[in-house]
Amino acid sequence: MSAPVIIADDHPLFRSALRQAVESALPDADVVEVATVAAAREAAGEANAQLLLLDIHMDDSQGLSALLDFRQDFPAMPVAIVSASESPAVWQAAKRLGASGFIPKSADLAAMKTALAAIGAGDISFPEGNGAAEEDLAVYDKLASLTPAQRRILGYLNQGLLNKQIAYEMDITEATVKAHLTALFRKLDVVNRTQAVLIAGKLDIDEAATELGR
């Protein structure tokens, strides 16, 4: 049995379409369907998946944070984003964060199969075109450079937690939290928590807006 392909999407009909494309492009693949990021993480932890197809809008995920987490926690597993977005800025951000491909949900079966075959062969597959300016995309390189601990702390900052609360959640000292914050601020090129939270917000993508291509 070959390594599985995980389809993480909360729309059963689209999962079915993706399964059809996967089974056609990668006929030896064992397809695993899940509807949440948590279930995708569990599936990835149970087997060395050859590919994760990840929707960026599910009940427990809104935006590109999950992509960054998977790339850090499962670096050998290629991740391709599937999204209703038609915005070049979204797929370009995904590419900068380490995605191996981007498949719009509007793509027909033939286009999905072509993309999956390329990714399965170790290549990348993204739409054509230009979108966000280079200076707007550079922030994603900074986010991708964070360590898992720094990413976790950034998430807590985004939730409004104080240093003492972060220390409790991570079972570390406040001094260690401060050390992580210093390194985090340096990597993001910011000077305070507010600026760091604004950058963290770049990972959030409004589903209604992306469906309109904005």
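The following refers to the structure shown. Fair warning: this is a prediction, and the values are worked out from it, not measured in the lab. (Residues numbered from 1 in each chain as written. Predicted model: local features only at pLDDT ≥ 70, side-chain atom pairs only at ≥ 80, totals over all residues. Heavy atoms only, no water.)

## A closer look at the overall build of the chain
Item 1. Helix and strand counts for the chain stand at 11 helices and seven strands.
Item 2. Computed over the C-alpha atoms, the radius of gyration of the chain is 18 Å, within 12% of the 17 Å expected from 2.2 N^0.38 for a compact globule of 214 residues.
Item 3. Taking the principal axes of its C-alpha atoms as reference, the chain extends roughly 55 × 40 × 30 Å.
Item 4. For the chain, the residues scored as buried account for 44% of the 214 residues in total.
Item 5. Within the chain, counting contacts between residues at least 6 apart in sequence, those at least 24 apart form 68% of the total.
Item 6. Summed over its atoms, the accessible surface of the chain is roughly 10400 Å², and 51% of this surface lies on carbon and sulfur atoms. (Helix = DSSP H or I, 4+ residues; strand = E, 2+ residues; numbered from the N terminus. Rg over C-alpha atoms; globule rule 2.2 N^0.38 Å. Buried < 20%, exposed > 50% of the residue type's maximum accessible area, 1.4 Å probe, protein only. Contact = heavy atoms within 4.5 Å. Areas by Shrake-Rupley, 256 points an atom, 1.4 Å probe, with all protein chains shown as cover.)

## Concerning the sheet that holds strand β6 (residues 79-83)
Item 1. Read across the open sheet, the five strands follow the order β2-β1-β3-β6-β7; overall the sheet is parallel. Sheet topology places β2 (30-34) and β7 (101-104) at the edges, where each strand pairs with a single neighbour. The average angle at which neighbouring strand axes cross in this sheet is 20 degrees, direction not considered.
Item 2. Pairing of β6 with β7 involves four bridges; the strand directions are parallel. Within β7, the position partnered with Ser83 by the bridge is Pro104. (Pairing = 2+ DSSP bridges. Axes fitted to C-alpha atoms, helices over the stretch in contact; angles between N-to-C directions.)

## A closer look at the environment of Thr147
Item 1. In this fold, Thr147 is placed in the loop between α6 (134-144) and α7 (148-158).
Item 2. Overall, Thr147 belongs to the partly exposed group, its relative accessible area being 30%.
Item 3. Separated by 13 residues in the primary sequence, Thr147 and Gly160 place their C-alpha atoms 20 Å from one another.
Item 4. Setting aside anything within four residues of it in sequence, one finds Thr147 in contact with Gln72 and Lys187.

## Some words on the packing of aromatic side chains
Item 1. Applying the stated criterion across every chain, the model contains two aromatic pairs.
Item 2. Ring geometry for Phe70 versus Phe74: centroids 6.0 Å apart, planes at 35 degrees, classification tilted.
Item 3. Residue classification places Phe74 among the buried positions, given a relative accessible area of 18%.
Item 4. When the ring centre of Phe70 is taken as reference, the NZ or CZ atom of Arg41 above it lies at 5.3 Å.
Item 5. Residue placement shows Lys105 over the ring face of Phe14; its charged tip is 4.9 Å from the ring centre. (Phe/Tyr/Trp six-rings, centres within 6.5 Å; stacked < 30°, edge-to-face > 60°. Lys NZ or Arg CZ within 6 Å of the ring centre and 35° of its normal.)

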